[in-house]
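Geometric and topological summary
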Amino acid sequence: ARYKPRPAPPLCSMPGDADGDVESLLQTRQGFLSKLGGGQEKGHKWNRRWFVLRDNILMYFNSPKDFTGFRDKPSGVVLLEEANVRESGEGGYYGRPFTFVLSHSGGESVVLAAETEKEMVEWMQAVRTSRLCVTDAEAAAMSEAQRQQAAEADIDAAVHRRADAEAALATVDKELSEVQKTHREVEAEKERAEKELKELMARFKLRKSLLHWRHRKLTFSFRALVTIVFEGRIDKARGAKASADARMAAAQQELEAASAARQKAEVAKRKSEEMYVRELELKKQSEAEEREGDRLAAHEADLRAEAEQEVGVLKQAGLGKLSLDRERQECLDLRMQLERCRAEGELLQTKLKRRVPTGKSK
């Protein structure tokens, strides 16, 4: 919905008509309003300021922190004497709603904007009330010119108070300059003290280095003196040390030689033990082979005896020619087997004879 200006509220009545309403309207009003830059209707930048309304004077500050009392210097002042309060037209200024204008007969004007319509109406009513009404009965009996003179006298008193404040500020500035001067003197004294401290530290380091050099020189001198005084004893001690070192070296060599001989003896002992064990094993093997050869020779003799018995039996039996040929062939086969067994027995005996002397020699 577009903003529609409301009709201006009625003018406030004089004291006696509605005391409660007048007293509420005459209270000091404070709050944020947006002010069109430049103080004219032709401006285009809005500045948010803290406004304070007191009697027929409208003051504004940059922020609420800047206003602690009526003795504070405002950023600007608008006198409401002969000022006309009117609401802006439809749409406000530059499309901003809730705007109203404080215009004077001289052509100067101030454009203000509130956040809501209620705030705008309250500010307009408060401005009209402060412009048309007064705060006490004594001012109500004055004419407009007398009230203007009283306001000018108040402004002059405020100017004098400001001058007193500026004088007090100058006194404070003077005291501050004296404090700063004292601070600079203290800083200079501190710098001098630091410089002296650095010089003392440099002297201390130099003295320390000199003492260290003297200590080393005295140490070397003492060593040279001791060497000169006890030179004979030192040479004798050095000779004794050299002979002891030589004896120790010889003992070390003998110890190394003994260790090497011991190692060789241990190696030889291990080898002899290994050879002895091997000889025992070979002896056991040769004995086993000899027993096996004896057994084979006995078996061969048994086989030979059996064959001879069979041949004799066959000869006595007097079988036919065929049976004799067959038996002869069997005898030949047996003989060949016997010869083979005999050859194997001789070979085994030869091997046994070769192995036994080899074990004994080992």
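Up top you'll find the structure we're talking about.
Definitions and cut-offs
- Residues numbered from 1 in each chain as written.
- Predicted model: local features only at pLDDT ≥ 70, side-chain atom pairs only at ≥ 80, totals over all residues.
- Heavy atoms only, no water.
- Core = buried A, V, L, I, M, F, W, Y, C linked by side-chain atoms within 4.5 Å.
- Buried < 20%, exposed > 50% of the residue type's maximum accessible area, 1.4 Å probe, protein only.
- Helix = DSSP H or I, 4+ residues; strand = E, 2+ residues; numbered from the N terminus.
- Contact = heavy atoms within 4.5 Å.
- Salt bridge = Lys/Arg side-chain N within 4 Å of Asp/Glu carboxyl O.
- Pairing = 2+ DSSP bridges.
- Axes fitted to C-alpha atoms, helices over the stretch in contact; angles between N-to-C directions.

With that settled, consider the nonpolar core. Counting 19 residues, the largest nonpolar core has Leu58, Phe100, Leu102 and Leu112 as its most contacted members. Looking at this core, the elements with two or more residues in it are strand E2 (46-54), strand E3 (57-61), strand E6 (99-104), strand E7 (109-113) and helix H2 (117-132). No other element matches the 5 residues that H2 contributes to this core. If we skip the residues at most four places from it in the chain, Phe100 touches Leu33, Val85, Arg86, Glu87, Ser88, Val110, Val111, Leu112, Met120, Trp123 and Met124. Membership of the second largest hydrophobic core comes to 5 residues, among which are Val52, Met59, Phe61 and Phe67.

Moving on: the pattern of salt bridges. Tallied over the entire structure, the rule returns 4 salt bridges. A salt bridge links Arg192 to Glu189; its shortest N-O distance comes to 2.2 Å. Pair noted here: Arg192 and Glu189 are both in helix H4 (residues 144-229), with a separation of 3 residues, about one helical turn. For Glu189, a relative accessible area of 45% corresponds to the partly exposed category.

A word on the sheet that holds E3. The 7 strands lie next to each other as E4-E3-E2-E1-E7-E6-E5, forming an open sheet whose pairing is antiparallel. Here the strands that pair on one side only, and so sit at the sheet edges, are strand E4 (76-79) and strand E5 (83-87). Each strand axis lies, on average, 35 degrees off the axis of its neighbour in the sheet, ignoring direction. Bridge count between E2 and E3: 5 bridges; the pairing is antiparallel. Considered in E3, the bridge of Phe51 is made with Tyr60.

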